Amino acid sequence: MANLVDNALKFGDGAAAPPKLTVGADDTQVTVEMRDHGPGIPPGDLPKVFGRFHRADAARGLPGSGLGLAIVASAAEAAGGTTWARNEPDGGATVGFSLRR
């Protein structure tokens, strides 16, 4: 969760709206999503954001190594879960994971 929060604070536009962390659960899974209101993820980068050392061009000048979301994906996969990233229609991005209960 810390990596998702860190990215939302780094890439989001807190002046437009604060990032929003959503946690949900049902009988089969727990879901965590982090929503920001920044510029979103370039469409060509969406399939790559969970890759090790991947950094979008716009992020190259910012702190970080490109490992945060790879760690999220690895931890979720090790626990039998999944990860996703999507752009929101009104701007910003949502990145999350789910874990089986």
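Note that this is a predicted model, so its numbers are computed, not measured. (Residues numbered from 1 in each chain as written. Predicted model: local features only at pLDDT ≥ 70, side-chain atom pairs only at ≥ 80, totals over all residues. Heavy atoms only, no water.)

Trainee: Honestly, the pairing of strand β3 (residues 82–87) in this entry has me stumped. Any pointers?
Mentor: Working note: regular strand, side chains alternate between the two faces of the sheet. Bridge analysis of β3 against strand β4 (residues 93–100) gives six bridges, and the strand direction is antiparallel. Across the sheet, the residue bridging to A85 is V95, located in β4. Here β3 folds back onto β4, and the loop between the two strands holds five residues, one of which, G91, carries a positive phi near 105°. (Pairing = 2+ DSSP bridges. Helix = DSSP H or I, 4+ residues; strand = E, 2+ residues; numbered from the N terminus.)

Trainee: Got a minute to help me understand the pattern of salt bridges in this structure?
Mentor: Here the idea is simple: oppositely charged side chains can pair when their charged atoms come close. Enumeration according to the criterion identifies four salt bridges in this entry. The partner of R86 in a salt bridge is E88, and the shortest N-O contact between them spans 3.1 Å. Assessed through its relative accessible area of 18%, E88 is described here as buried. Here the residues in one salt-bridge network are E33, R86 and E88, joined through shared partners. (Salt bridge = Lys/Arg side-chain N within 4 Å of Asp/Glu carboxyl O. Buried < 20%, exposed > 50% of the residue type's maximum accessible area, 1.4 Å probe, protein only.)

Just geometry here; none of it tells us what the structure is for.
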